[in-house]
Amino acid sequence: MIEIKNLKKSFGDLLIWEDVNLKIDDGDTLAIIGRSGCGKSVLLKHLNALLTPDSGEVLIDGKNIFELDYVSQRKVRQKFGVLFQGSALFDSINTFENVAFPLRYFTKDSEEEIYRKVMRSLGYVNLEMAADKETSELSGGMKKRVGLARAIILEPEYIMYDEPTSGLDPETAEEINELISLMSDEFDITSIVVTHDMHSVLKVADKVAYLNDQKLSWYGTLEEMRESDQEDLVNFTTASEYQVKILGN
Amino acid sequence: MYALKEIGKYSTLLYQALRSSTEWSTYRKNLFQELVKVGYDSVPIIVLVGIFTGSVMTLQSAYQLESAFIPLSTIGAIVSESILIELAAVISGLVLAGKVGARVATELGNMRVSEQIDALESMGFNSVSFLVVPRVLAGILMFPVLYIVASIFGVGGGLAAGYFSGSVPPADFLQGARMYFYPWNIVFGFVKSFVFGFIITSIACYKGYYATGGAEGVGKSTTNATVLGCIYILLADFILAVLLL
């Protein structure tokens, strides 16, 4: 379980957000939504201590990650898989090696075992045939899927998705949404999805956190979000006619 | 204030690198790759630099010292001593600031802006140990080797230029080189190349590791790494000359 308590972050004089309090139960999928630049990705990077807050706590299974020493922090980070916005694949190695990368350093698996696990992981994202491809040969959607295969290779307890559908065509975005749901439903992984794609939110989320005006403006279940009449939330979720249509459904 | 902040960040990165240098298993594979990239891949340019530096030194010395009262062996002495004490280390250093420094800063900068360094940290890697330590170690270990290569081809180039131009017979060149040879000069050259290797790779790592922005940010980091590398090589050259000669 992840608990965020009174988190505050600023860069220099610029306050990003403060008084952020959240609880993410095991197995849940939380979508963090908000306008571009409101600090969604910044919040995500606090969950595995890639960024340090000005004040507040992030408790991972009861331990405040910011109070741990660097070695312990790194162990906690291994509980997380992360799908980065730009996929963050290592461009000096091919697809197979990207997915195998954590296994080679953090396990004592044999080559056969590594091969089996990598192909299984690539199988989840339907990319077994791209194992030998260089990352430069992959399309944006394929990169996201390889990034996801790498994120789940160590069987993490939590997966964080940073704008998983941004820059993708609707069909590929839908595939990614289905994969996020698969991870949550099949493997019972707790997921945190940062997005401003409301279609994606409606597809994958159990709970929603809305960041606005430098604070956590709203937090609740998907159903509560549909019924909420909080003005800024309604304005955000119904910003386009398409969103109104799908929310209405 | 800005300079102090930069020095603080640079020192912190070096301290982290020193602390994580014990994580041998993390950077072992990268170290061997970097030894090849910094050392082996730089040999052709260093050979070229060595040959032309030695050749030009010989031809210019022969032109300037053309006198019946100055023995030709003096040219061999001047060329070999200049190469061993100064030119092999400094000119190689300046060339490698461009070749190695720019590559390292670009690689790490690119990794930073495309979140690859964040990805490493997210997986539980110590990114400093994984990326910075092997590059700085490779610089420290390979620059002295490249200094030897530059020295051999520098003196050899000078000897060949003297012979082919007819200005200095090889026997006179070698007699002069032997007459004024002091082993300390080689030690001095070694120390310099060791320091230059550290300066170039550590500055490049620092600039790349903390790169911000997109392609423009990486370009800026690369330029800064190269320019600062050159400036600090010249500064270190002066300080080492004051301290050790």
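> Report on the overall build of chain A, specifying residues and quantitative values.
Looking only at helices and strands, one finds 10 helices and 10 strands in chain A. Here chain A has a C-alpha radius of gyration of 18 Å; the compact-globule value for 249 residues is 18 Å, and the two agree. Projected onto its principal axes, the C-alpha positions of chain A cover 55 × 45 × 30 Å. Scored against the burial criterion, the 249 residues of chain A give a buried share of 55%. Of all intrachain contacts in chain A linking residues separated by at least 6 positions in sequence, the fraction that spans at least 24 positions is 62%.

> Tell me about the packing of helix α3 (residues 43-64) of chain B against helix α4 (residues 73-113) of chain B, and please be specific about residues and values.
All names here are of chain B. Between α3 and α4, the shortest axis-to-axis distance is 9 Å and the interhelical angle comes to 140 degrees. Here the hand of the crossing between α3 and α4 comes out right-handed. Facing α3, whose interface residues are Ile45, Ile46, Val49, Thr53, Gly54, Met57, Thr58, Ser61 and Ala62, α4 presents Ile75, Ile78, Val79, Ser82, Ile83, Leu87, Ile91, Ser92, Val95, Leu96 and Lys99. Taken together, the residues that form the contact of α3 with α4 break down as 13 nonpolar, 6 polar and 1 charged.

> Talk me through the packing of aromatic side chains; I want residue IDs and the actual numbers.
In total, this model carries 18 aromatic pairs over all chains according to the counting rule given. Taking the centre distance of 5.3 Å and the plane angle of 35 degrees together, the rings of Tyr210 of chain A and Phe236 of chain A count as tilted. Taken together, the residues Tyr210 of chain A in strand β9 (residues 207-212) and Phe236 of chain A in helix α9 (residues 231-237) connect sequence positions 26 residues apart. Feature note: the residues Phe90, Phe101, Tyr105 and Phe106 of chain A together with Phe125 and Phe130 of chain B constitute an aromatic cluster, connected by ring pairs. When the ring centre of Tyr209 of chain B is taken as origin, the NZ or CZ atom of Arg112 of chain B, which lies over that ring, is 4.7 Å away.

> Hey, could you go over unusual backbone geometry for me, with residue numbers and the actual values?
Most peptide bonds take the trans configuration, and most residues that are not glycine carry a negative phi. Positive phi, normally seen in glycine, also occurs at Asn6 of chain A, with a value near 45 degrees. Unlike most non-glycine residues, Glu115 of chain B shows phi in positive territory, near 65 degrees. With respect to the element layout, Glu115 of chain B can be found in the loop between α4 and α5 (116-123).

> Hey, could you go over the pairing of strand β2 (residues 14-24) of chain A for me, with residue numbers and the actual values?
Residues and elements named next belong to chain A. Pairing of strand β1 (residues 2-11) with β2, which is carried by 7 bridges, proceeds in the antiparallel orientation. Pairing of Ser10 across the sheet is with Leu15, part of β2. What sits between the antiparallel neighbours β1 and β2 is a turn of 2 residues, in which Gly12 has the positive phi angle 65 degrees.

> Give a description of the environment of Glu3 of chain A that names residues and reports values.
Along the polypeptide, Glu3 of chain A turns up in strand β1. Separated by 54 residues in the primary sequence, Glu3 of chain A and Glu57 of chain A place their C-alpha atoms 7.9 Å from one another.

> Now, about the pattern of salt bridges: what can you tell me, with residues and values included?
Oppositely charged side chains can pair when the atoms bearing their charge come close. Applying the stated rule across the entire model yields 25 salt bridges over all chains. Of the charged contacts, one joins Glu174 of chain A and Lys203 of chain A as a salt bridge, the two residues approaching to 3.0 Å between their closest N and O atoms. Placement of Glu174 of chain A in helix α6 (residues 170-187) and of Lys203 of chain A in helix α7 (residues 198-204) is noted, with a sequence separation of 29 residues between them. One network of salt bridges, with partners in common, ties together Glu34, Lys37, Arg103, Glu107 and Arg135 of chain B.

> Mind laying out the pairing of strand β10 (residues 215-221) of chain A, listing which residues take part and the relevant values?
Residues and elements named next belong to chain A. In the sheet, β9 pairs with β10 via 6 bridges, with the strands oriented antiparallel. Looking across to β10, one finds that Tyr210 is bridged to Trp218. From the end of β9 to the start of β10, which pair antiparallel, there are 2 residues, and Asp213 there has a positive phi angle of about 50 degrees.

Definitions and limits used
Residues numbered from 1 in each chain as written. Chains lettered and ligands numbered in written order. Predicted model: local features only at pLDDT ≥ 70, side-chain atom pairs only at ≥ 80, totals over all residues. Heavy atoms only, no water. Helix = DSSP H or I, 4+ residues; strand = E, 2+ residues; numbered from the N terminus. Rg over C-alpha atoms; globule rule 2.2 N^0.38 Å. Buried < 20%, exposed > 50% of the residue type's maximum accessible area, 1.4 Å probe, protein only. Contact = heavy atoms within 4.5 Å. Axes fitted to C-alpha atoms, helices over the stretch in contact; angles between N-to-C directions. Left-handed = near helix turned anticlockwise from the far one by under 90°. Nonpolar A, V, L, I, M, F, W, Y, C, P; charged D, E, K, R; others polar. Phe/Tyr/Trp six-rings, centres within 6.5 Å; stacked < 30°, edge-to-face > 60°. Lys NZ or Arg CZ within 6 Å of the ring centre and 35° of its normal. Pairing = 2+ DSSP bridges. Salt bridge = Lys/Arg side-chain N within 4 Å of Asp/Glu carboxyl O.

These values are about where atoms sit, not about what they do.
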